[in-house]
Amino acid sequence: MKTDILATADRLSDQDLLVRLGVLAGREREASVELLAHLATLDSRPAVYAAQGYGSLFSYCTQARRLSEDAGCNRIEAARACRRFPVILDLLASGEVTLTSVRLLRRHLTPENHQAVLARASRRSRQQIEALTAELAPQPDVPSSVRKLPTFRAMPSASAAPAPAATSMSSEPTSALTPSSAALVPTPRPIVRATAPERYRVQFTIGEEGHERLRRLQALLRREIPDGDPGAIVERALALLLENVEKTTLGAAARPRPYPSIRPRTDKPAVRSRDVPRAVKRAAWRRDAGQCAFVSPTGRRCSERTFLEFHHVQAYAKQGPATVGNISLHCRRHNQYEAELIFGPHRQEANQKRGGGDR
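Thresholds, definitions, all that
- Residues numbered from 1 in each chain as written.
- Predicted model: local features only at pLDDT ≥ 70, side-chain atom pairs only at ≥ 80, totals over all residues.
- Heavy atoms only, no water.
- Core = buried A, V, L, I, M, F, W, Y, C linked by side-chain atoms within 4.5 Å.
- Buried < 20%, exposed > 50% of the residue type's maximum accessible area, 1.4 Å probe, protein only.
- Helix = DSSP H or I, 4+ residues; strand = E, 2+ residues; numbered from the N terminus.
- Contact = heavy atoms within 4.5 Å.
- Salt bridge = Lys/Arg side-chain N within 4 Å of Asp/Glu carboxyl O.
- Axes fitted to C-alpha atoms, helices over the stretch in contact; angles between N-to-C directions.
- Parallel < 35°, antiparallel > 145°, perpendicular 65-115°, else oblique.
- Left-handed = near helix turned anticlockwise from the far one by under 90°.
- Nonpolar A, V, L, I, M, F, W, Y, C, P; charged D, E, K, R; others polar.
- Patch = residues over 30% accessible without salt bridge, like charges linked within 9 Å, V, L, I, M, F, W, Y side chains within 5 Å.
- Areas by Shrake-Rupley, 256 points an atom, 1.4 Å probe, with all protein chains shown as cover.

> What should I look at first to understand the nonpolar core in this one?
One broad rule of soluble globular proteins: the nonpolar side chains tend to lie buried together. In terms of nonpolar packing, the biggest core is built from 30 residues, with Leu-36, Leu-57, Ile-88 and Leu-92 touching the most fellow members. Listed by contribution, the elements that provide at least two residues to this core are helix H2 (14-43), helix H4 (57-64), helix H5 (69-84), helix H6 (87-94), helix H7 (99-105), helix H8 (114-121) and helix H9 (126-136). Those residues within four positions of Leu-57 in sequence are excluded, and the remaining contacts are Leu-39, Leu-42, Asp-43, Tyr-49 and Ile-76. With seven residues, the next largest nonpolar core counts Leu-250, Val-276, Val-280 and Ala-284 among its residues.

> Help me understand unusual backbone geometry in this model?
One can expect most non-glycine residues to show negative phi and most peptide bonds to be in trans. Phi is positive for Arg-66, which is not a glycine, with a value near 60°. Structurally, Arg-66 is set in the loop between H4 and H5.

> I tried to follow the pattern of salt bridges on my own but got confused; where do I start?
Pairing is possible between side chains of opposite charge, provided their charged atoms come close. Within the structure shown, the criterion is met by ten salt bridges. Two residues, Asp-43 and Arg-80, come together in a salt bridge whose shortest N-O distance is 3.0 Å. Here Asp-43 is found in helix H2, whereas its partner Arg-80 is found in helix H5, with 37 residues between them in sequence. The exposure class of Asp-43 is partly exposed, given its relative accessible area of 25%. Owing to a relative accessible area of 33%, Arg-80 belongs among the partly exposed residues under this scheme. We note a salt bridge from Glu-135 to Arg-120, for which the minimum N-O separation is 3.0 Å. Of this pair, Glu-135 sits in helix H9 while Arg-120 sits in helix H8, and the two are 15 residues apart along the sequence. Exposure remark for Glu-135: the relative accessible area of 39% places this residue in the partly exposed category. The exposure class of Arg-120 is partly exposed, given its relative accessible area of 42%. Here the salt bridges do not stand alone but share partners, grouping Glu-77, Arg-106 and Arg-107 into one network.

> Honestly, the packing of H2 against H6 in this entry has me stumped. Any pointers?
The packing of two helices is summarised by the inter-axis angle and the distance between the axes. For the pair H2 and H6, the least separation of the axes is 8 Å and the interaxial angle reads 160°. Classified by the angle their axes make, H2 and H6 are roughly antiparallel. By crossing handedness, the relation of H2 to H6 is classed as right-handed. Contacts from Arg-29, Val-33 and Leu-36 of H2 reach H6 at Leu-89, Leu-92, Ala-93 and Ser-94. The residue inventory of the contact of H2 with H6, partitioned by class, reads five nonpolar, one polar and one charged.

> Help me out: how do you make sense of a nonpolar patch on the surface in this one?
Together, Leu-12, Leu-17, Leu-18 and Leu-21 make up an exposed nonpolar region whose accessible area comes to about 340 Å². With respect to the helices and strands, Leu-17 occurs in helix H2.

> What am I meant to see in the environment of Arg-80 here?
Sequence separation of Arg-80 and Leu-39 is 41 residues, and the distance between their C-alpha atoms is 8.4 Å. In contact with Arg-80, other than residues within four places in its own chain, are Asp-43 and Arg-106.

> Can you help me understand the environment of Thr-248 in this one?
Its location among the elements puts Thr-248 in helix H12 (residues 230-250). For the pair Thr-248 and Arg-278, spaced 30 residues apart in the sequence, the C-alpha separation amounts to 9.4 Å.

Printed below as a string of C-alpha cells:
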C-alpha cells in the first residue's frame, strides 16, 4: 500500500530525509522532461490521439492520462516550447527553469532572443518572470475603475443576513453582469502584476467605509489630482502609511536621536531590558536589508522578508545585550529554530505558552 511510504519517510533521520527529497525531486524533473518530450511528439501526430477517440491533446492529457486541467495546460504549453527550442528540456531537467516559467515565456521566445531570455529566467520566481514578460511585451496603462461588486450568495436563505457591500478597485475595464449571474460571482482575488517596465496593475476589493474614504479623498484632492485617479491617491496613501509603519516598527525619524552610550555604574547595576532600542532596530534593519539574516551551514541565506523579528544572536536569557552587533533580523521560523537549538523545543513551547516572546 502507498500509505507505507509515509511510514518509511517518518523513520528517516533528518539528513536522510533531505537527501531522499533531493533524489525524488531530481527524478520528478527527469520524468517531467521525458513526458514533455513525448507530448511534443504526440502533438505533432494528432492522428494518433484522434484514433483513440480524443479530439484534442488537452482532452487526451486530462482524460486518458488523468492530469488536472492546470497540469495539462502547463505541460502542453511547455511541450510546444520545447519542440521549438529543445534547450528548454535541459534547463527543466536541471531545475534552472520551471514549467510555469516556460509557459509564461513561450509566446515571447524567438530564435533570436530565446537564449538570452532563458538565461535571464534562470532560477527566477514567478513574480520576476512576470516582470520579464512585461519587459519583453510592455502593455499600456489600463484605465482605473471603481465599481460596486454584486453580492455573492452561495445559497438563498430567508434567514440569512444581507452581505455587506464591497467595492472593487481595478485598473482594467469590467463588463456588466446580469442579475442572475451577479449572485454567483465571487469577489476577485487581489492582483499585483507587472504590465511594463516599472509599471504594475493592481486590483483589490474594499468595503463600504473604504469606498467612502476614497470618495472623500477624491473630492478633497481635486486641485492636486483633478481626475480623481484612485491609483494616484493609493500611491500617496501608501507613502504615508509606510512612513507611519516604519516610525512605529523601526523608530524611523527624519532626525533620529543618537543612541546613548551606556557607561558602567559603580553604585548601582544597570537594569537590563528586553526592549530593543529604536536606533539599534534602524541599524539592524539597514544592515540586513530588510531580510532574514540566518545563514545555513552550507552558506545559504534565508530569503524571507515577511514576519521578521529582532533576534538576539547571544540569547537575552544568556545576558545577550540589545546592541547592533547582537541584534539581527530573523524570520519567525528561524528565530524559533535558533531558540530550539539553545533551549530545546520543550522549553521554547513552554515559554510561548507563558506569553514569552523572542529570546
